[in-house]
There are 2 protein chains.
Amino acid sequence: MRAEDLDEQFPIVDVDSDALEAARMIAEHGLPGVIVVDASRKPHAVLLASEVLHLILPRYVQDNVMLAGVMGDALADHAQRLAGKAVGEVVPKPPRRIPSVDARDGVIKVAAEMAQLRCPLIAVTKNGRLHGVITASRLLAAALKS
Amino acid sequence: MRAEDLDEQFPIVDVDSDALEAARMIAEHGLPGVIVVDASRKPHAVLLASEVLHLILPRYVQDNVMLAGVMGDALADHAQRLAGKAVGEVVPKPPRRIPSVDARDGVIKVAAEMAQLRCPLIAVTKNGRLHGVITASRLLAAALKS
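In this text the structure is predicted, and so the values were computed from the model without any measurement. (Residues numbered from 1 in each chain as written. Chains lettered and ligands numbered in written order. Predicted model: local features only at pLDDT ≥ 70, side-chain atom pairs only at ≥ 80, totals over all residues. Heavy atoms only, no water.)

Caption draft 1: Representation of the confidence of the model for chain A in the model. For chain A, the average pLDDT comes to 90, and 96% of its residues sit at 70 or higher. Across the interface, the model reports ipTM at 0.89; the global pTM reads 0.91. (pLDDT = per-residue confidence, 0-100.)

Okay, structure coming up:
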């Protein structure tokens, strides 16, 4: 079984797309994160769900988690701070190594890359362009099918 | 909104339960990982999907990812190495800080903890015992509901 037999095609998250839209995609598909691509559809960055939460929260809460306990529950208000910002502006800098395999790579290779980077999802590329995404739990499901 | 309004109850993963069963639960529910509890239902460890992949793969593949490219695709055979092992034996040692909040904590607190630990899931406890689990994408979905 190869990466291209297992990957899923989610809507493309472009570096220029709205950060709020990227957050929506993560939420709607229940993903641990998304792969962000550049204009040529080459993987540009990985944006994890926990990182989006980091982007949403006000700095003073990040600096003092105790404060979070006494705040109201207006998480939805904070989420609006993503609106109007491009994904490319908010992805972690400097960019980390993007977890990525080729569409023709075998599942053992995919598992090895994911395990090494301790990453919950990986980009699958074909001719350097994003072909799809595989989550660690999906790969695990394939491994457990006997 | 509080943690207990948002958490999900998945089957309990006990330290003494079979590691292969823990892997199945991650796969079946499409989770980024599971919270492992001790005999008193207190969170004991977090086991991520990518870590299970790490446990499944033979050491020689971990040491040399290039080798993974030339191997067959018998990931399912490797998964069997989890069988008969207790979860408590395979969770990462030394234990990391377990991402955890109280059932009555507000969602801002939950988001802050998750963002700080950059963790895709968090344990929700009531009187110190596991009450449920919240994934980062689920919390994000709650934040985006306006």
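Caption draft 2: Structural context of the interface of chain A and chain B. Taken residue by residue, the interface counts 49 residues in chain A and 49 residues in chain B. Summing both partners gives a buried area of about 4,100 Å² for chain A against chain B, and 75% of it is carried by carbon and sulfur. By the criterion of area lost to chain B, the three top residues of chain A are Ile108, Leu140 and Leu144 of chain A, representing 17% of everything that side buries. Put simply, chain A and chain B have two salt bridges between them. With its nearest N and O atoms 2.8 Å apart, the salt bridge here joins Glu51 of chain A to Arg118 of chain B. Between the two partners, chain A and chain B, sit two residue pairs in polar contact (both at pLDDT 80 or more). When contributions to the side of chain A that touches chain B are tallied by element, the ones reaching two or more residues are α2 (19-29), α3 (49-56), α4 (59-63), α5 (65-70), α6 (75-79), α8 (107-117) and α9 (136-144) of chain A. For the side of chain A that touches chain B, the leading source of residues is α8 of chain A, giving nine residues. Looking at the side of chain A that touches chain B, its residues break down into 32 nonpolar, nine polar and eight charged. (Contact = heavy atoms within 4.5 Å. Buried area = accessible area lost by both parts, 1.4 Å probe. Salt bridge = Lys/Arg side-chain N within 4 Å of Asp/Glu carboxyl O. Polar contact = N/O pair within 3.5 Å; in protein donor to acceptor, adjacent residues only side chain to side chain. Helix = DSSP H or I, 4+ residues; strand = E, 2+ residues; numbered from the N terminus. Nonpolar A, V, L, I, M, F, W, Y, C, P; charged D, E, K, R; others polar.)

Caption draft 3: Highlighting the pattern of salt bridges. Residues and elements named next belong to chain A. The full count for this structure, using the stated rule, is 14 salt bridges over all chains. The residue Asp102 makes a salt bridge to Arg104 at a minimum N-O spacing of 3.0 Å. You can call Arg104 exposed: its relative accessible area is 53%. (Buried < 20%, exposed > 50% of the residue type's maximum accessible area, 1.4 Å probe, protein only.)

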